[in-house]
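Residue strings, one per chain:
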Amino acid sequence: MGGFEAVPTIPIVNAPVTAEVLARAAPMNEGERQQIIDRIKRLLREQDAVLVAHYYVHEDLQMIAEETGGFVSDSLDMARFGNEHSATTLVVAGVRFMGETAKILNPEKRVLMATLEAECSLDLQCPADRFIPFCDAHPDCTVVVYSNTSAEVKARADWVVTSGIAVQLARHLKERGERILWAPDRHLGSYIRQVTGADMVLWPGGCVVHEAFKAQALATLKQQHPEAAVLAHPESPAAVLELADVIGSTTQLINAARDLPQRVLIVATDNGIFHKMKQIAPTKLLIEAPTAGAGATCQSCAHCPWMAMNDLRGLVRVLERGDNEIRLDEEVRVKALRATGRMLEFAQSLKPAAAAKSSTA
Ligand code: 13P
Ligand code: SF4
């Protein structure tokens, strides 16, 4: 269908400046840091709680998650892990949509967040009161929303998806002859459309962190390191993705860092990912993709201001006080569960295919 599509207007998001977020925290000496870490570990045990962290949060939180039987991963596997774990409390270190996804899937569990202030520009740019009329205006479309959205937006969707399985889902829907309304990330949407040829209407949102990567400066950096491979998250602009050797979710980029033959890797995603990349690929030289250069207005400088709000003090406080609990309207949650549960089922259905592919490779 080639007709004119009205582009919805989206709210302007004034993202916090990452350096200012980090500067808000009072300095902590090594003794205090160790005391808080020990206390968090004890409280997790005492409260039958498990910590589920995203790769972008501070390495101390990632380390605690891994040392206490919790998990560090991309947003798809965070949802999967929380759903499958038997703990009665899930503590989510990441941004709000990750906590909400955990609650949508696990109403019987207490879901706490290290901070409730941690938003996501994609979520903020796609408020339900603008999104729902847009969907209503496209009754011919299957509504597919990125996991980086509110529970209300998920409740209006037919499918929820993460970057780890978005291409596969679009192919699946295309094979069924379905037209897709995709929200909120326009870069990820354009990328999926380009790879799959699916017929897609795009919501015009963007990630403040990934939109700051600069293609021209990246091309110059590539010339300086002709032996390097470029890894990029698909929330990056098309001109950056064109220069990439591997495009994928955070887990897929980490696996690529380990598996690629190249020793030098230029990485276009939040630099919180470097902690895990260094662990899994210790011999590789990792270089941040540039956020400076022509037209630079970078406020995040490759580190999400909302992810940066997750810290040790916040985490110990929430475990001591039990505040920062995610609560959802039950009607919204039940509606959101339909599309979110389908995401997990679809991801599960891909597993045998992925296993077969790797065994024949
Ligand atoms: P992943 O699902 O790839 O971890 O991405 C989440 C995200 O917010 C990236 O900015
Ligand atoms: Fe949202 Fe971007 Fe932060 Fe990811 S990095 S949580 S997409 S603002």
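Residues numbered from 1 in each chain as written. Chains lettered and ligands numbered in written order. Predicted model: local features only at pLDDT ≥ 70, side-chain atom pairs only at ≥ 80, totals over all residues. Heavy atoms only, no water.

Asker: How would you explain the pairing of strand E3 (residues 89–93) if you had to name every residue and give the values?
Answerer: In terms of burial, E3 is a largely internal element, five of the five residues being buried. Here E3 shows no split at all, with Thr89, Val91 and Ala93 on one side and Leu90 and Val92 on the other all buried. Relative to E3, strand E1 (residues 49–54) runs parallel, the two being bridged by five bridges. In the sheet register, Leu51 faces E3, and the bridge partner there is Val91. Of the strand pairs in this sheet, E3 and strand E4 (residues 110–113) are connected by four bridges, and their pairing is parallel. Note on E4: the bridge partner recorded for Leu90 is Val111. Between the parallel pair E3 and E4, the chain is carried across by helix H5 (residues 96–105), and the sense of this crossover is right-handed. (Buried < 20%, exposed > 50% of the residue type's maximum accessible area, 1.4 Å probe, protein only. Helix = DSSP H or I, 4+ residues; strand = E, 2+ residues; numbered from the N terminus. Pairing = 2+ DSSP bridges. Right-handed = clockwise from strand over helix to strand, strands pointing away.)

Asker: A description of the pattern of salt bridges should follow, citing residues and the corresponding values.
Answerer: For the structure shown, the criterion picks out 21 salt bridges. Notably, a salt bridge pairs Asp259 with Arg258, separated by 2.8 Å at the nearest N-O pair. Among the residues examined, Asp259 registers a relative accessible area of 51% and is labelled exposed. By relative accessible area, which is 39% here, Arg258 ends up partly exposed. Linking Glu331 and Lys335 is a salt bridge whose minimum nitrogen-to-oxygen distance equals 3.8 Å. Linking Glu331 with Lys335, this pair stays in helix H16 (residues 330–360), spanning four residues, or about one helical turn. The exposure class assigned to Glu331 is exposed, which follows from its relative accessible area of 56%. Overall, Lys335 belongs to the partly exposed group, its relative accessible area being 46%. Each member of the salt-bridge network shares a partner with another, and the members are Glu30, Arg33 and Asp60. (Salt bridge = Lys/Arg side-chain N within 4 Å of Asp/Glu carboxyl O.)

Asker: Break down the environment of Leu51 for me, with residues and values.
Answerer: Tracing the backbone through its elements, the reader meets Leu51 in strand E1. The buried category is assigned to Leu51, whose relative accessible area is 0%. For the pair Leu51 and Ser300, spaced 249 residues apart in the sequence, the C-alpha separation amounts to 25 Å. Aside from chain neighbours lying at most four places away, what touches Leu51 is Leu44, Leu61, Ile64, Ala65, Gly70, Phe71, Val91, Ala93 and Leu315. (Contact = heavy atoms within 4.5 Å.)

Asker: Help me get a handle on the site of ligand 2, residues and values and all.
Answerer: Residues in contact with ligand 2, as listed here, are Tyr56, Val95, Cys120, Ser121, Leu122, Asn148, Cys207, Val209, Glu235, Cys304 and Trp306. Within the shell around ligand 2, the residues separate by chemical class into eight nonpolar, two polar and one charged. (Near = heavy atom within 4 Å. Nonpolar A, V, L, I, M, F, W, Y, C, P; charged D, E, K, R; others polar.)

Asker: Talk me through the sheet that holds strand E9 (residues 229–232); I want residue IDs and the actual numbers.
Answerer: With parallel pairing, the four strands of this open sheet are ordered in space as E10-E9-E11-E12. This sheet does not close on itself; its edge strands, each paired only once, are strand E10 (246–247) and strand E12 (285–288). Along the sheet, helix H11 (residues 215–224) contacts E9, strand E11 (264–268) and E12; its crossing angle with E11, the most-contacted strand, is approximately 175°. Strand contacts of helix H13 (residues 250–259): E9, E10 and E11, with the helix running at about 165° to E9, the strand carrying the most contacts. (Axes fitted to C-alpha atoms, helices over the stretch in contact; angles between N-to-C directions.)

Taken by themselves, the reported measurements are silent on function.
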